[in-house]
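Descriptive analysis of the structure
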Amino acid sequence: MSGVWVFIENRDGKIAAIAKEALAAARTVADGLGETLTALVFGQDVAGVAAAAFDFGADAVLGADDATLSPFRVEAVGPLVVQLAQEREPSVIMAGASTRGRDLAAWVAADLEAGLVADGTDLTVEDGKVKVTRPVYAGKLLSTVFVTEGTQVITLRNRAFPQAESTGGSGSAEWVETAVAEDDIPTKVTGFAGKEGGVSLTDASIIVSGGRGVGGPEGFAPVRELAEVLGGAVGASRAAVDSGWIPYEHQVGQTGKTVSPDLYIASGISGAIQHQAGMRTSKIIVAINKDPEAPIFKLAQYGIVGDLFEVLPALTAEFKSKLG
Amino acid sequence: MKVVVCTKQTPSTTADLTVNPDGSVSWEDPGGKPNVVNPWDEYSIEEGIRLKENHGASDVIAITMGSEESQEALKTALAMGCTEAILLSDAAFAGVDTLGTAKVLAAAINKVEDVQIAIFGKSAIDGDTGQTAVQTACQLGWTPLTFVSAITAVGDGQITVERLLDDGKETVTAPLPVVISTVKEINEPRYPSFMGIRKASRATIPVWAAGDLSLNSVGSKVDWSKVYALPPREGSVEIIEGDSVQEKAAKLVAKLFEEKVI
């Protein structure tokens, strides 16, 4: 059993940001084990993705290029990875914990009867095992987890690892046939509606969030304006989502998204423990709240006690003048 | 058409957790209700009940793998409107990994018979792996449909759903039977009715053990014995002071440039 495999998620023929994070983490594991790093590239017209995988540090690329593999369906890709893994017996299979990466890892581990560790935020290699740090109990505690025998299947939380950098590497990919014909794939994708504009919360390096303090749907206007100036995404607390002020896809917290941006600006958010669970791993947290006793100030590095309807526009103006 | 809802009992979202010297985790809740139905499962229970109300499902059966005290979670499911509840409990199930859990759940779903849809919450808030739905589907040989934000049609042996993916919403059709995992957007869970609570409190919940499911050992290939408290965030908050809001904003912006996060 040898070799580290990493799933390269691609969208619209381009390597996804989360795949670059996975490549960087998998490179560490491959080097730690002294094994080769193989990138798995699946889709249609993905020669460019394979080239990118070499450039971002893969030693080898194993791929399949076929219409049945685009858009991604786990019933098409899962059996192919399982078949390849049974033939070639890698020691580790890794993927970013995106919606697609999670499905794939769960499928592959189930059909290989392999151990699975989900949502790693840090990892080290000890005695041939990948020891994975992962949050549990909604981020209230941490654990160190590892697969005790056989192939180790591991997913990595969004933005927990830095993206791999270009190495200038290149190589020729090994292309294989698909495992399942279209007629044998049960699911048919009949529509896809991409996110309208804006930045995806889980990919964003800057998030500006609003909570109960914004007071209503129109209260998100200054939140959006600041996010726009910073090229960031708009987040929200459960209170704001449950009040119907902003759609659920913006919710950060225990029953929303877990995010880990470089900068998280919480405005009008008291910082209930459920909200903290979704954003406490942000690098820098800024709190803006009228109430100096709000729990969010205990988590933040910087705080402004004041009215968000005054503070946010002032920040927007200041950033505009500084960022030109 | 029978529907099974796979639920789990978890610590409440407000619970204070303690890691004991032996590595086990215990918790207390300031509100006095330390254990709840996994919050994500409220949506899957609701959707199961709606499949009965709107799509002609005959039975909505809640199942939970856990200790005897997990009956409480199942009683909540019954009080909301599930027609039956089954507890899967055996010393052999303790400490299994997600694949072991999937094997137990799949065996139970097969034993129920004639199930067309099994529904899961997005993940459980304690282990937080979000992998059991797909792995249960693999064990059953059924199609997994994860991150479902709407069930738009059920009929003629098929189901059409919308899935909330990282980069957008996908519409997908699959033949039944399927395993679904739901996201919060799918519905607004109802509160248990007074009558429902009364009925649930009198219900006797059957317990199925490993022998009932013809499972010998389910095992685990994952060691997660090391659980520990989070390191505290370093330092304390720096409150930005100033004579005007503009001055405070300017100071904060300067700090953020220094931190190199812009």
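That block above? That's the structure.
So, here is what we can say about the structure in this document. (Residues numbered from 1 in each chain as written. Chains lettered and ligands numbered in written order. Predicted model: local features only at pLDDT ≥ 70, side-chain atom pairs only at ≥ 80, totals over all residues. Heavy atoms only, no water.)

**Observations concerning the interface of chain B and chain A**
Many descriptions give the size of an interface as the accessible area lost when the pieces come together. Quick note on the threshold: In what follows, a contact means two residues having at least one pair of non-hydrogen atoms within 4.5 Å. Two parts placed together each lose some accessible area under a 1.4 Å probe, and the buried area is that loss summed for both. We define a salt bridge as a side-chain nitrogen of Lys or Arg found within 4 Å of a carboxyl oxygen belonging to Asp or Glu. In the analysis that follows, any N or O atom pair within 3.5 Å is treated as a polar contact, provided that within protein one partner can donate a hydrogen and the other can accept it, and provided that, for residues neighboring in sequence, both atoms belong to side chains. Only DSSP runs of H or I covering at least 4 residues are called helices, and only runs of E covering at least 2 are called strands; the numbering of each starts at the N terminus. Any residue that is not Ala, Val, Leu, Ile, Met, Phe, Trp, Tyr, Cys, Pro, Asp, Glu, Lys or Arg is counted as polar, Gly included; the first ten are nonpolar and the last four charged. Here, strands pair whenever DSSP counts at least two bridges between them.
Taken together, the contact pairs 75 residues of chain B with 86 residues of chain A. Contact between chain B and chain A buries roughly 7,200 Å² in total, counting both sides, with carbon and sulfur atoms accounting for 59%. Together, Asp166, Lys221 and Arg233 of chain B form the three largest contributors to the area buried by chain B at its contact with chain A, with a combined 12%. Applying the counting criterion to the chain B and chain A interface returns 6 salt bridges. On inspection of chain B and its partner chain A, the count reaches 29 residue pairs in polar contact (both at pLDDT 80 or more). When residues of the side of chain B that touches chain A are assigned to their parent elements, the largest contribution, 9 residues, is made by helix H6 (residues 245-258) of chain B. Partitioned by chemical class, the residues of the side of chain B that touches chain A number 40 nonpolar, 16 polar and 19 charged. Across 6 bridges, strand S10 (residues 141-147) of chain A lies against strand S14 (residues 222-229) of chain B in antiparallel orientation. Among the inter-strand pairings, leucine 142 of chain A is bridged to a residue of S14 of chain B, identified as tyrosine 228 of chain B.

**Re the packing of helix H3 (residues 74-88) of chain A against helix H4 (residues 99-112) of chain A**
What describes two packed helices is the angle between their axes and the distance between those same axes. Residue and element names in this part refer to chain A. What counts is decided by this rule: Fitted lines through C-alpha atoms give the axes, limited to the stretch in contact for helices. The angle between two N-to-C directions lies from 0 to 180 degrees. By the definition adopted for this analysis, an angle is roughly parallel if under 35 degrees, roughly antiparallel if over 145, roughly perpendicular if from 65 to 115, and oblique otherwise. Definitions for this section: a left-handed crossing has its near helix turned counterclockwise from the far helix by less than a right angle. A right-handed crossing has that turn clockwise.
Interaxial distance between H3 and H4 falls to 9 Å at its minimum, and their mutual angle equals 45 degrees. Judged by the inter-axis angle, H3 sits oblique to H4. Judged by the twist between their axes, the crossing of H3 over H4 is right-handed. Residues Val74, Glu75, Val77, Gly78, Pro79, Val81, Val82, Ala85 and Gln86 of H3 touch H4, and the partners they reach there are Asp103, Leu104, Trp107, Val108, Asp111 and Leu112.

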